[in-house]
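Inside the fold
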Amino acid sequence: MRGSCLLLVLAAPAAFAANEVLLGFDPATSEAQRALEARFDADLDAADLDRWLKRLSARPHHAGSQASLENARFIASLFEAWGYEVTIEEYDVLLPVPRKRELELVAPTRFEAALTEATLPEDPGTSMRADLLPPYNAFSIDGDVEGELVFVNYGLPEDYEMLERHGIDVEGRIVIAKYGRSWRGIKPKLAAEHGAIGTLIYSDPADDGYAVGDTWPDGPFKHETAVQRGSVMDMPTYPGDVLTPGVGATVDAERLPLDDVPTLTKVPVLPISWSDALPLLEALDGPVAPPAWRGALPITYHLGPGPARVRLALEFDWNRITAYNVIARLEGATHPDEWVIRGNHHDAWNNGAADPSSGMVAMLAEARAIGRLAQSGERPARTIVFAAWDAEEPGLIGSTEWAEHHAEQLQEHAVAYLNTDGNARGFIGVGGSHSLERFLNQVMADVPDPQTGVSVRDRRRARLEVEAKDDKARREASRPDLRIDPLGSGSDYTPFLQHLGIASANLGFGGEGESGSYHTLYDTYLHYTTWRDPGLAYGVALAQVTGRATLRLANAPRLPFEFTGLADNVALYVSELEELARTMREATVRQNRLIEEGAFELALDPRKALRPPKPQPEVPYFNFAPLKNAVERLRRAAEAYAEAAEDAAASPELNRLLYTSERVLTRREGLSGRPWYRHHVYAPGFYTGYGVKTLPGVREAIEQREFEAVEGEIANAAEVLNAMAARIETITRALPGQSRR
């Protein structure tokens, strides 16, 4: 039924915005810009994307490998052929790789984990192993530990609360957690905080495997031996090279001693396949796992501890490697000192067809078309910088080191940063700075969806309308500008947005291309072109979206920043904070009353009662007035600018005030406990990793029950919002003709 409704919605004529004046342009320059974009589109060819994808994903190419260097040089050669000034900037960064990986069940029976992924004759890409790193988690510490095993579900804070209610303590034990529901690095972080001595992470087939659909090579989902590699450095503290926080990792940079690095795990951690996890989980006894914890393995899920006892032994080579960032510059014709930066990483954990090459080939198509336009005499007004980042997978290292190394220049010149990573068929996904919300909505409205022919914005809106479950969701679906998502972390926009305060966006399609290959041996050209984007139609669509965004930022006479969307979204975040405090307060009162009354449920075994949760201090009433007053000032300033700017001309002074406005939402002191993150509207959660926390100082102080800190965090957030309102008021006065009013 849902799919039928979506088809009916999409049957309406496409609502392309061809007659709408582009934000930052006037009618004449809008028409010229759209004509330029039509010529840009004519140079995009899916066959080129397919050829580059096959070349880039021919071999595993992790950071530090010969294959990765060769890919970097290949990408550089393409940019040079298209007329860009190209450099390969090198950074000397730490990347530990495995020397020893051993995992065995030592009681009540013996089992030695294979810790390998199977070569499949049906997929030639799985035989390309010369540069393949074995499955591991980067920035796990060395260790040789043995202990009883405890199943901790996804290893989230609430999972440890449930274990405590069952009377289960993980101290001195090894935990096994499922991938999912949080970034992988949070799992060993929380395990160590609860006293565990080691962590195993596996993908349960209930989430990605035979319980969802056919597995590779018969279908897209995770093969029984597949293992998700990935970094487990404590990126919510800081990303990038772990030895050089805050400064570029040049050869002569001052480095921390390894023993002083705060972002390594505190316990050894290893990812495994579900085929290796099955004998371990099967050997567990103890309470039966709650229904929500159970996966799809053919066993009864128990929590432990024991009698399963495991030994985990890990050793790494703690060596430095060279990361190679390819930087391609096309100097602007009239505003060369204003830079539009466009990036995608080139390194992979494996062959990397989906992650990152599917995004890379879209960026290459975009760069070639823009380069050819410049060669024909249509050079962009502003400088465009294309970046192919290295060492993203181990922890956003290449982009972070470049941003830290060039921080002063970027603060001065960067207009915006546009990021892509992986791509697949389906629906457009857009996250970013809310000052770019209206701009990005116009971009989405001008690009046709390859399957339906309507604009990618209309297809996204249709999905929201079909899936709306209440009036609030229906109102959101009909909002004139679709909301763009706030950004947490997980890709290369992080250092630009959250450290330097550069307005950023992250774009890509997905939702219909299944991702069972993620960070495994099976992220191959064949898997990608069979299941994720056959024919690369959505690769072309991504190039159309990002190409328009890049070109419009580069050519707009007045930069297309607009602030009513920012004010509306921040108002939403403040209301969420009020609701968070209210619901926590009511839940605490209710739970404490139930504890006092002894009214808690029995365990699944009726002979055993669950322990009640510990009583919690009551949640106080917070004074959100400073935030609400700041939001109201922000709203009025944004509306005044929108009205005054409608027919206003541009000036260098005005554009500089616009593109540096995002900087105002940062504080040099950074967030409490993690000063690298300076943005006070968007940050990755301290216990989510990738997932965003909006107004993070206030939100996390409430969530983590650090109530004495809330008042100060409200003041900090109100300070940056008032500063942004003041900046918008200054921008409005700077509009030609406004200073006399």
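Let us look at the structure shown here. The residue numbers shown here count from 1 along each chain, following its written sequence. Reporting in this predicted model follows two pLDDT cut-offs: at least 70 for local features of residues, and 80 or more for side-chain atom pairs to be given and counted; totals over whole chains, interfaces and linings ignore these cut-offs and use all residues. Working from all heavy atoms in the structure, the side-chain values ignore hydrogens and water.

Think of it this way: any DSSP run of H or I at least four residues long counts as a helix, any run of E at least two long counts as a strand, and we number them from the N terminus. Summing up its helical and strand segments, the chain has 21 helices and 18 strands in all. Taking 2.2 N^0.38 as the reference for a compact globule, 741 residues should give roughly 27 Å; the C-alpha atoms of the chain span a radius of gyration of 26 Å, in line with that estimate. For every residue, the accessible area obtained with a 1.4 Å probe (protein chains only) is divided by the maximum for its type, and the residue is called buried under 20%, exposed over 50%, and partly exposed between those limits. Within the chain, the fraction of its 741 residues that count as buried is 61%. Throughout, a contact is declared for two residues whenever any of their heavy atoms are within 4.5 Å. In the chain, the proportion of contacts linking residues at least 24 apart, taken out of those at least 6 apart, comes to 79%. Computed by Shrake-Rupley with a 1.4 Å probe, the accessible areas treat only the displayed protein chains as cover when residues are assessed. Summed over all atoms, the accessible surface of the chain reaches about 27,500 Å², with 50% contributed by carbon and sulfur. Charged-residue counts in this description rest on Lys and Arg as positive and Asp and Glu as negative, His and the chain ends being excluded. Every charge is mapped to an atom, namely NZ of Lys, CZ of Arg, CG of Asp or CD of Glu. Each charge class in the chain can be summarised by its mean position, and for the 76 positive and 108 negative side chains these summaries are 3 Å apart. In this setup the radius of gyration rests on C-alpha atoms only. A globule is expected at 2.2 Å times the number of residues raised to 0.38.

Turning next to the sheet that holds strand 16 (residues 504-511). An order of 1-11-13-12-14-16-15 is seen for the seven strands of this open sheet, with the pairing classed as mixed. Lying at the two open borders of the sheet, with one neighbouring strand each, are strand 1 (85-94) and strand 15 (426-432). The average undirected angle you get between the axes of adjacent strands in this sheet is 20 degrees. Paired strands, in this sense, are two strands between which DSSP finds at least two bridges. Strand direction decides the pairing type here: strand 12 (residues 335-345) and strand 14 (residues 414-419), joined by five bridges, are parallel. Across the sheet, Ile341 pairs through a bridge with Tyr417, a residue of strand 14. Axis angles are defined between N-to-C directions and span 0 to 180 degrees, where every axis is a line fitted to C-alpha atoms and, for a helix, only to the segment in contact. Against the sheet, helix 8 (residues 353-375) makes contact with strand 11 (320-330), strand 12 and strand 13 (382-389), and its axis sits at roughly 150 degrees relative to strand 12, the strand it touches most. Across the face of the sheet, helix 9 (residues 397-405) comes into contact with strand 1, strand 11, strand 12 and strand 13 while running at roughly 105 degrees to strand 1.

Let us now look at helix 6 (residues 186-193). Taken across its eight residues, helix 6 has six buried, putting it largely inside the fold. Turning to helix 6, its buried residues number three or more, namely Ile186, Lys187, Pro188, Lys189, Leu190 and Ala191. Buried residues along helix 6 sit in contact with helix 5 (157-165), strand 6 (174-178), strand 7 (198-202) and strand 9 (269-272). Gly195 lies just past helix 6 and shows a positive phi near 95 degrees.

With that settled, the discussion passes to the environment of Leu284. Of note, Leu284 is situated in the loop between helix 7 (274-282) and strand 10 (309-317). Sequence separation between Leu284 and Leu69 is 215 residues, and the spatial gap between their C-alpha atoms is 45 Å.

Sheet strands pair via backbone hydrogen bonds, and the direction of the pair is either parallel or antiparallel. In space, the seven strands of this open sheet follow the order 3-2-10-5-6-7-9, with mixed pairing throughout. Of all the strands in the sheet, the pair left with one neighbour each is strand 3 (111-112) and strand 9. The pairing of strand 7 with strand 9 spans four bridges and is classified as parallel. Following the sheet pairing, Tyr202 is matched in strand 9 by Ile272. Sheet strands in contact with helix 6 are strand 6, strand 7 and strand 9, and its direction is about 150 degrees off that of strand 7.

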